[in-house]
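Overview (structure and organization)
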Amino acid sequence: MTDVRVRIAPSPTGPLHLGTTRTALFNYLFARHLGGTFILRLEDTDQARSTIEYENDILTGLHWLGMEWDEGPGIGDEPERGSYGPYRQMQRLARYTEAADRLLAEDKAYHCYCSPAELDTERKRQDAGHEPARYSGRCAHLTAAQTASFEAEDRRPVLRFRIPPDRTIAFDDIVRGHVEFDTNALGGDLVIVRSDLTPLYHFTVAVDDAAMAISHVIRGEDHLSNTPKHILLFEALGAAVPQFAHLPLILNPDRTKMSKRKSQTAVADYRAQGFIPEAFVNYLAFLGWSTGTEEEVLSLAELVERFELSAVNSSGAVFDRDRLEWLNGQWIRRLSPEDLIDRLRPFLENEVAAGRIEWMPSDEEISALLPVVQERLPTLAAVGEVIGFLFVKDVEPDAALLVPKRWDAATTVAALDAARRRIADVGEVSWEADEIEPPLRALAEERGWKVGDLFMAIRVAITGRTATPPLFDTMVALGYERSLARLDRAIERLAARAEAS
RNA sequence: GCCGCAUUCGUCUAGAGGCCCAGGACACAGCCCUCUCAAGGCUGAGAUCAUCGGUUCGAAUCCGAUAUGCGGUACCA
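Residues numbered from 1 in each chain as written. Chains lettered and ligands numbered in written order. Predicted model: local features only at pLDDT ≥ 70, side-chain atom pairs only at ≥ 80, totals over all residues. Heavy atoms only, no water.

**Remarks on the overall build of chain A**
This is how the line gets drawn: The secondary structure listing takes helices from DSSP runs of H or I that are at least 4 residues long and strands from runs of E that are at least 2 residues long, numbered from the N terminus. What the globule rule says is 2.2 Å times the number of residues to the power 0.38, and the radius of gyration is computed from C-alpha atoms. Relative accessible area decides the class of each residue, using a 1.4 Å probe on protein chains only: under 20% of the type maximum gives buried, over 50% gives exposed, and in between gives partly exposed.
A tally of helices and strands in chain A yields 20 helices and 13 strands. Against the compact-globule benchmark of 23 Å for 501 residues, chain A has a radius of gyration of 32 Å, which places it well outside the compact range. Along the three orthogonal principal directions, the C-alpha set of chain A runs to about 105 × 50 × 40 Å. Counting across all 501 residues of chain A, residues that qualify as buried make up 49%.

**Regarding the packing of aromatic side chains**
Test applied: The aromatic pairing rule takes the rings of Phe, Tyr and Trp, using the six-membered ring of Trp, and pairs them if the centres are within 6.5 Å, calling planes under 30 degrees apart stacked, those over 60 edge-to-face and the rest tilted. Whether a charge sits over a ring depends on NZ of Lys or CZ of Arg being within 6 Å of the ring centre and within 35 degrees of the ring normal.
According to the stated counting rule, one finds 16 aromatic pairs in the structure shown. Consider the rings of Trp64 and Phe280, whose centres lie 6.3 Å apart with planes at 50°: the pair is tilted. Taken together, the residues Trp64 in helix 2 (residues 52–64) and Phe280 in helix 9 (residues 277–285) connect sequence positions 216 residues apart. The same class applies to Trp64 and to Phe280, which are both buried. When the ring of Trp359 is compared with that of Phe391, the centres are 6.4 Å apart and the planes differ by 85°; the resulting orientation is edge-to-face. With Trp359 in the loop between helix 12 (337–353) and helix 13 (363–373) and Phe391 in the loop between helix 14 (383–387) and helix 15 (399–402), this pair connects stretches of sequence that are 32 residues apart. Residue Phe391 is classed as buried on the basis of its relative accessible area of 3%. One aromatic cluster is present, formed by Trp64, Tyr270, Phe275, Phe280, Tyr283 and Phe319 through successive ring pairs. For Arg160, the ring lying beneath its charged end belongs to Tyr135, and the centroid distance is 3.5 Å. Sitting over the face of the ring of Trp331, Arg334 holds its NZ or CZ atom 5.9 Å from the ring centroid.

**Examining unusual backbone geometry**
Geometrically, the link from Gly85 to Pro86 is a cis peptide bond, its omega value of -5° lying close to zero. Locating Pro86 in the fold gives a position in the loop between strand 4 (80–81) and helix 3 (93–105). Residue His130 is not a glycine yet carries a positive backbone phi of 55°. Examined against the element boundaries, His130 turns out to sit in the loop between helix 4 (116–128) and helix 5 (144–152). With a phi close to 55°, Ala213 is a non-glycine residue in the positive phi region. In this fold, Ala213 is placed in the loop between helix 6 (201–211) and strand 10 (216–220). For Ala213, a relative accessible area of 34% corresponds to the partly exposed category.

Structure below.
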């Protein structure tokens, strides 16, 4: 068997897309599982839309997810690595020109002088007549005189590849099985070089896959219909035809192909929202594939071990953010404390920058909080919600929230006041959760209050919210003085309000 | 229009002729745990396996038709 060489070929015309990422993942898993080579090639021939920012976003995102490639740009400090380069199509232009010239010389391609407007009216006419849209082949056999006349009109020709008529192109797709196409339904001769002499996708992909000795083309289902064109091009180029595997599409909730119009598609956005790479990769791997066992939470290395291309599904998969969040929580809970702190730090800094918290907690403070925080984080970005109230000078509890539903304001003031005294009695030296809790339970029992009501009043007074980590751990984290101060403030505010009404 | 691909709980999926009047997970509901929120545990609801016909002793699994959906049909990738 020949060497396994696969590639991901993103186009830097937008930020790293979820679909591209999933395709990259499956290529990566396939290559690593078989000990093959994983290649990154940048398809940047659409100069109008490609930018260096998008290119960086794509490389950064792929690195972030841990899918290291063996050949291509952006490996370590090198501009690129690998002996099949260059890996940017704009740097391979000479190769496309050479291949195009060859096809032209062999009469497998020809110059076409039809203008876009002419082609457009032709298509409209076909559409109106319920005919399949296809290029008529008007320029397929021009005489020297006709060519000269077009040139005299200063028309700039495109290069068209001859699609042979009446042939059946068949291949065995690794995920879909046997697929056949009639070459008459391919839309006629294919433009492979623009009138400005830049090459087009179908052409560059075949030239490059051949030149880079790609053994398996693993890509989205949206390319299935293009495959016969590619096969014809491989043949014309005298190259071996690789194996194909067309992956099911990732879908919007309405089951159309996932788009940024209807879904969040940029990987960088998920990263910014506190999803971690372990979860992301884990989630994506299970879109269209599964191990066949009941395992759900698997690392990249475990996925590599289990991956089988032939086990990939053939029907599209709706992206389910709820499930991603669940997996993210699973992975966050599996992180070591040191690791979690490192990953949380930028999100806390972001909270500071956004003014949602007033200062940056120290590593020691975060570390002390971790046991109660870790299981409460669906995403890293949720950290502000969970412990942010500790890192602001004051909270301003809503008076309505302060009063438990079974109580009135007067009872609440009395209860907070009594609690404040018990808490003060604990003293700064004994300031531990186990020391604070018993006297407050005793207080509730003495007064015949529901423990939950008392604790809720204290919780809101101290944190300003009704959902927090365990109360006494929270108080310890806040500190003796600050806890008492917040209680005082709450009592004051509530008393003033009670009087006023 | 033409060509192609697909169709199992709301969603991701298991299932490759009898183990399936269909299993797991997310989401949802209830209960337990519990100071709230989570996490965790248990239980539940949820799929006439798109429809029709065929092959077979037997079909979610094989074949055909139909329907529906999606993808492609560019001097985009």
